[in-house]
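These are the residues of each chain, in order.
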Amino acid sequence: DDKIFRLAFHYLAADSRNNAYNCNIEAGKKALNNFSFKQAVKFYYNALDIIRNFGAKSEKALASRISLSLDIIDLNLQLGEHDENIHLLEEIKPFAESLKNKNNIVKILFLLGRNFSFIGNNHLAMEYYKKALPLAEELKLTDILAVIYSSIGRAHVYSAEYNLAI
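Keep in mind the model is a prediction, meaning the values are calculated, not measured. (Residues numbered from 1 in each chain as written. Predicted model: local features only at pLDDT ≥ 70, side-chain atom pairs only at ≥ 80, totals over all residues. Heavy atoms only, no water.)

Trainee: Would you take a moment to explain the side chain of Asn104 for this structure?
Mentor: Relative to the elements of secondary structure, Asn104 occurs in helix H6 (residues 102–118). What Asn104 contacts, discounting residues up to four positions off in sequence, is Ile66, Leu70 and Ala96. (Helix = DSSP H or I, 4+ residues; strand = E, 2+ residues; numbered from the N terminus. Contact = heavy atoms within 4.5 Å.)

Right under this line is the structure:
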């Protein structure tokens, strides 16, 4: 039953990049299905390292890199790896901007705000939330808008700017 985990390891060790990438993605999914978030992140990082080191700079490769990074970031949120998330988000932000993918851009800006908020840097969190806000409104992303509005209001309360919190 754990054949995919062994294959992911062996293909990686053998430097069979395509097979290693695919097996590490599948192993990550399987680990995630078993609620083993740390193990899933490990396999996803293996796949991400393959893209980083050997992936083409094509639009498709960059989109895969962004998507995989966002999957890792979602898991890292649950694991409390906020500094690592900030690093990953700053790494993929220029790629999303070059692809002009508004959905990814707004998600990255929102997640930067969220992760900075979690580490207590409300000033930077506010900057990223304010950058994400117009895009989220344009795209009508109500789930992101709700968090942005409440986070901005909460940050104003923490700063004793009660009139701005409304």
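Trainee: So what exactly am I meant to see when it comes to the nonpolar core here?
Mentor: Within soluble globular proteins, side chains that are nonpolar generally end up buried alongside one another. Among the nonpolar cores identified, the biggest contains 51 residues, and Leu68, Leu70, Ile72 and Ile148 are the most heavily contacted of them. When residues of this core are traced back to their parent elements, those giving at least two are helix H1 (3–13), helix H2 (17–33), helix H3 (37–54), helix H4 (59–79), helix H5 (82–99), H6, helix H7 (122–139) and helix H8 (142–158). When neighbours within four sequence positions are excluded, Leu68 is seen to be in contact with Tyr21, Ile25, Tyr44, Ala47, Leu48 and Ile51. (Core = buried A, V, L, I, M, F, W, Y, C linked by side-chain atoms within 4.5 Å. Buried < 20%, exposed > 50% of the residue type's maximum accessible area, 1.4 Å probe, protein only.)

Trainee: Is there a simple way to explain the environment of Glu137 in this structure?
Mentor: As for its placement among the helices and strands, Glu137 is situated in helix H7. The partly exposed category is assigned to Glu137, whose relative accessible area is 39%. Ignoring any residue separated from it by four or fewer positions in sequence, one finds Glu137 in contact with Leu145 and Tyr149.

Trainee: What exactly am I supposed to notice about the pattern of salt bridges here?
Mentor: Two side chains that carry opposite charge are able to pair once their charged atoms sit near each other. Scanning all chains against the criterion turns up 9 salt bridges. A salt bridge links Asp2 to Arg6; the shortest N-O distance between them is 2.6 Å. Asp2 sits in the partly exposed class, given a relative accessible area of 38%. Glu26 is the partner of Lys29 in a salt bridge, and the nearest nitrogen-oxygen pair spans 3.6 Å. On the criterion of helical spacing, the pair formed by Lys29 and Glu26 is a turn pair, its members being 3 residues apart in helix H2. Look at Lys29 and you get partly exposed, because its relative accessible area is 41%. For Glu26, a relative accessible area of 40% translates into the label partly exposed. Connected via shared salt-bridge partners are Asp49, Arg52, Arg65 and Glu91. (Salt bridge = Lys/Arg side-chain N within 4 Å of Asp/Glu carboxyl O.)

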